[in-house]
Amino acid sequence: MNQMLLNALLLALRAIRRNLMRSFLTVLGIVIGVGAVITMVTLGNGATRMVSDQISSLGSNLLILRPGQQLGPGRESAGAATFRLTDVEALQAQIPSLRAVAPVVGSRVTLVVGSQNWSSQVSGTNNAYFTAGNWKIAAGRSFEEDEETAGKAVCVIGDTVRKQLFGSASPLGGELRVKNFTCVVVGLLAAKGQGAMGQDQDDVVLMPIRTVQRRLTGNQDVSTVMLSMRDGANTDQVMVQIRRLMRERRKLAESEEDNFNVMDTKQIAETLSGTIRTMTGLLGAVAAVSLLVGGIGIMNIMLVSVTERTREIGIRLAIGALEHEVLLQFLIEAVVLSALGGLIGITLAFVACLGLTALMNMPFLFNPGINLLAFVFSAVIGIVFGYMPARRAASLDPIVALRYE
Amino acid sequence: MTQNGVGALLISLRKVTKTYGEGTATVQALNGVDLDIGQGEFVAIMGPSGSGKSTALNILGCLDAPSSGHYLFRDIEVDALTRNQRALLRRYYLGFVFQGFNLLSRTSAQENVELPLLYRGEDAVHRHDASRRALAQVGLTGWEHHTPAELSGGQQQRVAIARAIATQPLVLLADEPTGNLDSKRGHEIMELLVSLNRDQGITVIMVTHEPDMAAYASRVVRFADGNVDSDSMKVAA
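Everything quoted here is computed from the prediction, not taken from an experiment.

Draft legend 1. View of the overall build of chain A. Check the secondary structure of chain A and you find 13 helices and 10 strands. Principal-axis analysis of the C-alpha atoms gives chain A an extent of 100 × 55 × 35 Å. Classification of the 405 residues of chain A by burial places 40% in the buried group. Across chain A, contacts joining residues at least 24 apart in sequence account for 83% of those joining residues at least 6 apart.

Structure representation (structure tokens):
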């Protein structure tokens, strides 16, 4: 029995070697199918995970208040009045469910340190921003009260800005030239990485809002307000409260529509990750089609060679091979080719995923389920289409098989 | 039946018939054939197309089973055997040479010759030695690693003969072995078969339609309409 298995293995390997082209094409079909499915699904999983990671990096329970109506087709958002610092104070004072209310006014400027310069987003805000945006101070400190009220020229910088302007030197106490004034770096933010839209969240400079209003924008406007709710607060209720308060402060009549909008970031992030999941499903389906096409390719190759194989089986039977010995040989041949193709496919997919996730700054999540599924599917195709024609041929009379045209 | 060193009775067909097809489309290929062949004979089976000579050879070679009648190979009742048992009979006692050579393509001469030894379960060393010896016997030393595509028709038929005799069979069955060869190569193949019959005592049964090839045999059996028409023994010169 053992001898028979060994013989069948030897015969199968000889058959693979002497039909190199056919073997190669069979393996190739499986490699492409398996590789594509695994790569697509793994990348999709990584993207979904990346977005869900960003949901938590955004800060929990964050609402964003902006002037203008809700974004969307046919809606006008430009021209609506911005907010004032008094609005921020009112929100903080009158809605107890809010833990932190941070005004934001931004400006894109060129920063200069020595001979280095770098264009970045300068945001004027207050200390509540660190809470609302879920930022941690990696070194130094946040703003002091007198710095906020007096609008002193101090700033806290993001990690990308530090890298671009200070290199490996410590930025604390360093002087940053912003347009026509110089500000002192008092703190460094802990790095967050890429944002949900692919933007670099660490490319940021924070200053007290009065500093930015006085020295950069030259007006009292607050363009955005970030509001962080207390844990356990009811989001819908808080949004209603904010809306009511803002309508009142903006003196909107009953018949008028809101000229501001409140967004729930968590909801946006969830919508985004839902979209990515749909995309993953779509890509997976495309890849599954390629697996199927690979399978059909294998089927074609096997069927094209059926005449030659039938005659070969006739020869083997005529010189004394038993039916099950011939079948065992063909089964081993199919298993070896399918397994080889599957393993190469998995390896290639692994390498491709490793490279692509690194390139796209995504986490690499190895998914044993999809690896197994793709492997089993391809193995079944390879074995069925390799083995079935052989089974039919081996059941023929040797003389019929020999004369097969 | 002791003429030309002919030994004991090896093969015996009794009232063997073979019918192909079903219903009104049936073809009676063999029609109650009686035939005895002794060990060590060189028999040529001749006859026109459709006379049943090839069918008879396939039944003698256990490639096909008779529809009725009895086939005794030594003491074995072949008509009572299963498919696998007939395969084993082929494996241990019979060797085949076909008109179309029927070698495995893209496979070296030596691996082709080794194939029946492999199914016999011989080990690698014995396979190697026996296949080399068989190839040397048919004059193909030095051609062991050539594939059929690299060999001439005559050489391919020699490889097929080497494959058939590598297992040292009792009977060598040849179906028009010279049919695809020119006359010169045909005579060379026949001389090879004669020497195998004479020197090793292998019984040779050959189907042919060429009288000058049949002349090499010691006995000529003529088929007509699915039965033996004449059976003549050549008198030793």
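Draft legend 2. Local environment of the interface of chain B and chain A. Taken together, the contact pairs 20 residues of chain B with 19 residues of chain A. For the side of chain B that touches chain A, the elements supplying multiple residues, two or more each, are helix H2 (83-93) and helix H3 (109-120) of chain B. Taken together, the residues that form the side of chain B that touches chain A break down as eight nonpolar, five polar and seven charged.

Draft legend 3. View of the confidence of the model for chain B. Taken as a whole, chain B shows an average pLDDT of 91; of its residues, 96% reach a score of 70 or greater. Here the complex is predicted with pTM 0.71, and the ipTM for its interfaces comes to 0.92.

Draft legend 4. Molecular detail of the sheet that holds strand S3 (residues 42-46) of chain B. Residues and elements named next belong to chain B. An order of S6-S7-S8-S3-S9-S10 is seen for the six strands of this open sheet, with the pairing classed as mixed. Both edges of this open sheet fall to strand S6 (94-97) and strand S10 (227-233), since each of them pairs with a single strand only. When the angles between neighbouring strand axes are averaged without regard to direction, this sheet yields 20 degrees. By the bridge criterion, four bridges tie S6 to strand S7 (residues 171-175) in an arrangement that is parallel. Paired with Leu94 across the bridge in S7 is Val171. Along the sheet, helix H6 (residues 183-200) makes contact with S3, S7 and strand S8 (203-207), crossing S8 at roughly 150 degrees.

Draft legend 5. Region of interest: the pairing of strand S9 (residues 224-229) of chain A. All names here are of chain A. With five of its six residues buried, S9 lies for the most part within the structure. The pairing of strand S1 (residues 62-67) with S9 spans four bridges and is antiparallel. For Ile64, the partnering residue across the bridge sits in S9 and is Met226. Summarising the sheet, strand S2 (residues 98-113) and S9 pair through six bridges and their orientation is antiparallel. Of the residues in S9, the one forming a bridge with Pro103 is Val225.

Draft legend 6. Local environment of the environment of A:Phe181. Residues and elements named next belong to chain A. By the element assignment, Phe181 lies in strand S7 (residues 181-189). Sequence separation of Phe181 and Val122 is 59 residues, and the distance between their C-alpha atoms is 13 Å. Dropping the residues within four chain positions of it, Phe181 is found in contact with Ala153 and Arg215.

Draft legend 7. Just unusual backbone geometry, in detail. All names here are of chain B. Unlike most non-glycine residues, Cys62 shows phi in positive territory, near 60 degrees. Even without being a glycine, Phe101 presents a positive backbone phi close to 65 degrees. Within the element layout of this structure, Phe101 appears in the loop between S6 and H3. C-beta crowding within 10 Å serves as the criterion here: with 22 such atoms nearby, Phe101 is assigned to the buried category.

Draft legend 8. A look at the sheet that holds strand S2 (residues 27-38) of chain B. All names here are of chain B. What the four strands build is an open sheet, ordered S2-S1-S4-S5; its pairing is antiparallel. Edge strands, defined here as strands with exactly one partner in the open sheet, are S2 and strand S5 (76-77). In the sheet, strand S4 (residues 68-73) pairs with S5 via two bridges, with the strands oriented antiparallel. Pairing of Leu72 across the sheet is with Glu77, part of S5.

Draft legend 9. Just the nonpolar core, in detail. If you look at the biggest cluster of nonpolar residues, it comprises 119 residues, and the most contacted ones within it are A:Val34, A:Val37, B:Ile45, B:Ala162, B:Leu172 and B:Ile205. By residue number, the principal contributor to this core is helix H2 (residues 20-57) of chain A, which donates 13 residues. Beyond its immediate stretch of four places on either side in the chain, A:Val34 contacts A:Leu291, A:Gly341, A:Gly342, A:Gly345, A:Ile346, A:Ala349, A:Ala374, A:Phe375 and A:Ser378. Core analysis: the second largest hydrophobic core is formed by 50 residues, A:Leu98, A:Val154, A:Cys155 and A:Val212 among them.

Draft legend 10. Highlighting helix H7 (residues 209-217) of chain A. Listing the buried residues of H7(A) in full gives A:Ile209, A:Thr211, A:Val212, A:Gln213 and A:Leu216. Those residues of H7(A) that are buried lie in contact with S2, strand S3 (116-125) and strand S8 (204-208) of chain A.

Draft legend 11. Geometry of the pairing of S8(A). Residue and element names in this part refer to chain A. In terms of burial, S8 is largely enclosed, as five of its five residues are buried. Two elements, strand S5 (residues 154-157) and S8, share two bridges in a ladder whose sense is antiparallel. Paired with Ile157 across the bridge in S8 is Val205.

Draft legend 12. Molecular detail of the environment of A:Ile346. All names here are of chain A. Among the secondary structure elements, Ile346 is positioned in helix H11 (residues 323-359). The sequence separation of Ile346 and Phe375 amounts to 29 residues, and the corresponding C-alpha distance is 7.9 Å. Those residues in contact with Ile346, other than ones at most four positions away along the chain, are Val34, Ile38, Asn371 and Phe375.

Scoring rules and cut-offs
Residues numbered from 1 in each chain as written. Chains lettered and ligands numbered in written order. Predicted model: local features only at pLDDT ≥ 70, side-chain atom pairs only at ≥ 80, totals over all residues. Helix = DSSP H or I, 4+ residues; strand = E, 2+ residues; numbered from the N terminus. Buried ≥ 20, exposed ≤ 12 C-beta atoms within 10 Å, placed from the backbone. Contact = placed C-beta atoms within 7 Å. Nonpolar A, V, L, I, M, F, W, Y, C, P; charged D, E, K, R; others polar. pLDDT = per-residue confidence, 0-100. Pairing = 2+ DSSP bridges. Axes fitted to C-alpha atoms, helices over the stretch in contact; angles between N-to-C directions. Core = buried A, V, L, I, M, F, W, Y, C linked by C-beta atoms within 7 Å.

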